[in-house]
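Chain and residue survey
Spelled out from the first residue to the last, the chains are:
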Amino acid sequence: MYTKQELLDLYDKPLKELIEMSHKVTGENFDNNVEACSIISAKTGACNENCKYCAQSKHNHAEIEAHPLLDVETVKKAALSAKENGATRFCIVTSGRVPTGKDFEKILEMIRAVAAIPGLHCCASLGLLSEDQIKQIKEAGVERYNHNINTSKNYHKNICTTHNFEDRVNTVKMIEKHGIEACCGVIIGMGESREDRVDMAMSLRELNPKTVPINFLNPIKGTPLEGYEDKIDEEEILKTICIFRLALPHSMLRYAGGRTCRLSKEHQKLGIVAGINSLLVGNYLTTTGSKSEEDKKMLESLDMVMT
Ligand code: SF4
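Since the model is a prediction, treat every value here as computed from it, not as a measurement.

Now for the overall build of the protein. In terms of regular secondary structure, the protein is built from twelve helices and ten strands. Scaling as 2.2 N^0.38, a compact globule of 307 residues should have a C-alpha radius of gyration of about 19 Å, and the protein matches this with 18 Å. With the C-alpha coordinates aligned to their principal axes, the bounding extent of the protein is approximately 55 × 40 × 35 Å. Across the 307 residues of the protein, 55% fall into the buried class. Of all intrachain contacts in the protein linking residues separated by at least 6 positions in sequence, the fraction that spans at least 24 positions is 77%.

Okay, here's the thing in C-alpha cells:
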C-alpha cells in the first residue's frame, strides 16, 4: 500500500508511465464493465450552506432554475427514462443541508417508487442525514448513498464554513454502519495543492467507499470559484486519476461532473484506460453532461461495456 509520500512522488513520473501502472492495477481488480448511473435534481437551489463551488447556494449568485421538491411521479418517469438510456443506477439528489418534515416523507415515497423499478438500483444524495433518517432510507430501498468529502481536511475551510469535513466523514461512516454502500468522492481543481489531493485519497482509503466519484470543477459564473479554469490542466487531472486508482485499488472510480468540459474526448478515454470504471451519464445537477450514445461509442472503442 502506497504511503502519502510515495503517492506524492508519483506525480513526478511521466504521465504515460503512471497510466501504465494504474491500468495494470485496474486490470487486476476489475473486469471491463463500466457502471452507468444517472441522477435527478429532485430539489434545486435555495440552499443555506455556503459551498463555494455550488450554483445552488443562497450565498452565491449563479443563475439557475431553482425548484422545490418535485412530485413522485416526475421522479419515477425520469428514472424509467434513465433506465431506457442505459443507466443501471438512479440517484435522487436534493439541495440543502438535510431534508426534513413533509419533504423527507415525500422523498421516502420517491425512493420506494424508484426501488420498485426492475433492473434499476436506487441511490440517494440528501445531505447530512441523521441516523434515524438513514435507517428510513435503507428501509425504503436505497442501496447506495452519495456523500462526498469534496476536498482535503485541511482545504475544506477554504471551500465551506457552514459545515466541516468531520460532518461529511461522520455521515459516510454512519451510512456504512447501516449497510448502505457509500459513494464518496471529491471535486478537484478548486485551487487545492497536490498534497491536498493525496490527502483526499488517503481519507477515502480509510472510509473504503464502494465508489469514488471524481468531479472536475466546472467553474460556474456567480460562484466564488468563477474563473478557476486554470487551477488544473488536463495532464494534472489524468495524473490525479492514476494516483487515486493506485491509492484505492478496490473502489470503483467514477467520472462525475465536469469531465466533458474539462477533458478532451481523447483524454476522457485515457482516464478510463487508467482506471475510471463508472460513468455519470446524462445531465448533472445544474450543468449539461454527456449523451449516453456517445459514451457507449467511447466505451466500445476501448472494448469496454456499459452495464
Ligand atoms: S453542495 Fe449541497 S450543501 Fe453545498 S451549497 Fe450546494 S446544495 Fe448546498
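Having seen it, we continue.
Two cysteines form a disulfide when their sulfur atoms are joined by a covalent bond. Summed over the entire model, instances satisfying the criterion amount to zero disulfides. Free cysteine: Cys-242, not disulfide-bonded; nearest cysteine sulfur from Cys-261 at 20 Å. Exposure remark for Cys-242: the relative accessible area of 0% places this residue in the buried category.

One can describe the packing of helix 9 (residues 234-247) onto helix 11 (residues 265-274) by two numbers: an axis separation of 9 Å at closest approach and a directional angle of 15 degrees. Viewed along their axes, helix 9 and helix 11 adopt a mutual orientation that is roughly parallel. Helix 11 is crossed by helix 9, and the crossing has right-handed handedness. Only His-267, Leu-270, Gly-271 and Ala-274 of helix 11 make contact with helix 9, whose side of the interface consists of Glu-234, Leu-238, Ile-241, Cys-242 and Arg-245.

Bringing the site of the ligand into the picture now. Surrounding the ligand, one finds Cys-47, Glu-49, Cys-51, Tyr-53, Cys-54, Ser-57, Ser-95 and Gly-96. Class assignment of the residues belonging to the shell around the ligand gives a composition of four nonpolar, three polar and one charged.

Here is what the cut-offs are and how they apply
Residues numbered from 1 in each chain as written. Predicted model: local features only at pLDDT ≥ 70, side-chain atom pairs only at ≥ 80, totals over all residues. Heavy atoms only, no water. Helix = DSSP H or I, 4+ residues; strand = E, 2+ residues; numbered from the N terminus. Rg over C-alpha atoms; globule rule 2.2 N^0.38 Å. Buried < 20%, exposed > 50% of the residue type's maximum accessible area, 1.4 Å probe, protein only. Contact = heavy atoms within 4.5 Å. Disulfide = S-S within 2.5 Å. Axes fitted to C-alpha atoms, helices over the stretch in contact; angles between N-to-C directions. Parallel < 35°, antiparallel > 145°, perpendicular 65-115°, else oblique. Left-handed = near helix turned anticlockwise from the far one by under 90°. Near = heavy atom within 4 Å. Nonpolar A, V, L, I, M, F, W, Y, C, P; charged D, E, K, R; others polar.

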